[in-house]
Amino acid sequence: MSAVRKWTVPSIRAALEAKTISAREIATEFYSRIEKRNPELNAYLTLSPERAYAQADRIDTMRAKGTRLPPLAGVPVAIKDVISTRGICTTCASRILENYVPPYDATAVERLEAAGAVILGKTNCDEFAMGSSNENSAFGPVHNPVDLARVPGGSSGGSAAAVAAGLAVGALGTDTGGSIRQPGALCGIPAMMPTYGRVSRYGLIAFASSLDRIGPFASTVSDVASLLGVISGNDPRDSTSASAPVPNLLEGIGKTVKGMRIGLPAEYFGEGMDTEVRSNVEKGIQTLESLGCRPVNLRMPHTDYAIATYYILANAEASSNLARFDGVRYGMRVPESSLAEMYRETRGKGFGPEVKRRIMLGTYVLSSGYYDAYYLRAQKVRSLIRSDFNAAFEKVDVLVTPTSSAPAFLLGERIDDPLSMYLSDIYTVTGSLAGVPAISIPCGMTSKRLPVGLQIFGPPFAEERILQLAHALERALGAEQA
Amino acid sequence: MKITREEVLRVAELAHLSLSDSEVTKFQGQLDSILSYIDKLKELDLSGVQPMAQALEANTRPEAALRDDVVCVSDVSRAVLDQAPEAKAPYFRVPKVIER
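Structural notes, computed from the coordinates. (Residues numbered from 1 in each chain as written. Chains lettered and ligands numbered in written order. Predicted model: local features only at pLDDT ≥ 70, side-chain atom pairs only at ≥ 80, totals over all residues. Heavy atoms only, no water.)

### So, the interface of chain B and chain A
1) Next: Between chain B and chain A, the contact holds 55 residues from the first and 68 residues from the second.
2) Next: Of the roughly 5500 Å² buried at the junction of chain B and chain A (both faces included), carbon and sulfur atoms supply 67%.
3) Next: When residues of chain B are sorted by the area they lose upon contact with chain A, Leu41, Met52 and Gln83 of chain B head the list and together hold 13% of the total.
4) Next: Put simply, chain B and chain A have three salt bridges between them.
5) Next: With a shortest N-O distance of 2.6 Å, Glu23 of chain B and Lys356 of chain A are connected by a salt bridge.
6) Next: For the interface between chain B and chain A, the tally reads 15 residue pairs in polar contact (both at pLDDT 80 or more).
7) Next: At the level of elements, helix H1 (5–14), helix H2 (21–38) and helix H3 (77–82) of chain B are the ones that each hand at least two residues to the side of chain B that touches chain A.
8) Next: Tallying contributions element by element places H2 of chain B first for the side of chain B that touches chain A, with ten residues.
9) Next: Here the residues of the side of chain B that touches chain A sort into 34 nonpolar, seven polar and 14 charged. (Contact = heavy atoms within 4.5 Å. Buried area = accessible area lost by both parts, 1.4 Å probe. Salt bridge = Lys/Arg side-chain N within 4 Å of Asp/Glu carboxyl O. Polar contact = N/O pair within 3.5 Å; in protein donor to acceptor, adjacent residues only side chain to side chain. Helix = DSSP H or I, 4+ residues; strand = E, 2+ residues; numbered from the N terminus. Nonpolar A, V, L, I, M, F, W, Y, C, P; charged D, E, K, R; others polar.)

### Topic: the pairing of strand S10 (residues 438–445) of chain A
Strand residues, when the strand is regular, have side chains that alternate between the two faces of the sheet.
All names here are of chain A.
1) Next: Both strand S5 (residues 191–193) and S10 contribute to a ladder of three bridges, which runs antiparallel. By the bridge assignment for S10, Met193 is matched with Ala438.
2) Next: Judged from the six bridges that link them, S10 and strand S11 (residues 451–457) form a sheet pairing that is antiparallel. Bridge pairing in S11 places Ile441 opposite Leu454.
3) Next: Turn length for the S10-S11 hairpin, with the two strands adjacent in sequence and antiparallel, is five residues, and the turn residue Arg449 shows positive phi of about 65 degrees. (Pairing = 2+ DSSP bridges.)

As structure tokens, then:
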């Protein structure tokens, strides 16, 4: 997988300005890479060359006229297939939306394109973003470019694999319980979940509305910052979009991290972690110390309750959100003589097993007589988990943990045991519940050459600080390897 | 068992999901183990704890305040109906629901 040239946001800009290549030529190069590699990776579900080349030509015309190029001019990007794209099929990797073509763009897509990015196509994922391995796609699993026998992680596995294999410079994913960070870790690239409310969810087909977030993948921390800066900011079309001003996210990059207090919560370093994940993350923490960061040991006592809380709340919200897929307004319909039968058969045939399982669980916990015991209780525990984060951020600037307890596992290895698959999200779901931002960045390799991810959590709206530290670590680790 | 076969069927009915017999059996077992696991929340004393519904604490964080609810023009009915499995403008068509 080496041989291909690694393009980044700054290198594309430099090449366009030096006129050594055109935006159209860059798009052509990426489509030829996709043609070559996608059959074995299954990272892309739909390609959008018409729209991509039209955008590339707009950039080339601007350049010819001497107009100042926008920040992501000519940068080829991929979009997870749960994010709406006008005129481009958006399936959520589900049979029920197999032929759905949205009449509008998600705000994040609109902003990327306005900033000059070239949308290459839509990426594979777990059906409706439900899963941690990308094996729940109705259109077949994605293979990890690092090792084709292994999963890329999920649910945004196609976006992670596309960037890791050099089939896009950046990509958008979505994270509800770890679906950006975990595939980033398993494929060995930086991946960021911003603060809840930082990026508009308008046009994101909802899984769990109080948890869903859109965020970027790229091959460098600096590119993650560039993409996130463009898609962030208030949007009146999303009532949960925050009006907090967006700082220049590249501002902290390259600045010293000396004196930064890094919290190490004991609960994230307990049993159940792969020994090589542990040794690599510990080495990463030592590197941060050598850069002048001050480690602070602390406890986050409700961590152990996060998975149970998450699976109640996320699935309750999912059962409600997915009620809209009933064969009436869009997507698949199984014709039946009565309306009730049409609903039941359309949903029974249109949804895959994991989606049905979650709708069942969500419906159960919300059903009459169980609401207080499950849903209300989980909402209260969610408060306690957020309090853990609030208390930690009174003592430290960021928290540093592993992203995933294990490196990429084999395809098929965990598919028959949903509970063990759910439990593997333990280090990521906490931050999802608390609403705080986090990044996963590559931090060494196991003896089998599988990437390990290190996660950095920050307080709400502290993306700039997280990116500053992530970049410092990326540079230090890169220097060590060289 | 935390959940009986009858309860699985009842939940499937509430969720408008047709399930095969083998799915009912499989989901019963899997939901049982998941429900047993999430029972661990009962270990916690939650008296006095407020439920959290929103990540942004809309009431306390001014940057998370909601926008004004303003009416604006939306002209997408045509494009929306184009995506429907069956439509006759300006309506979606479904099997007959009301018997005369």
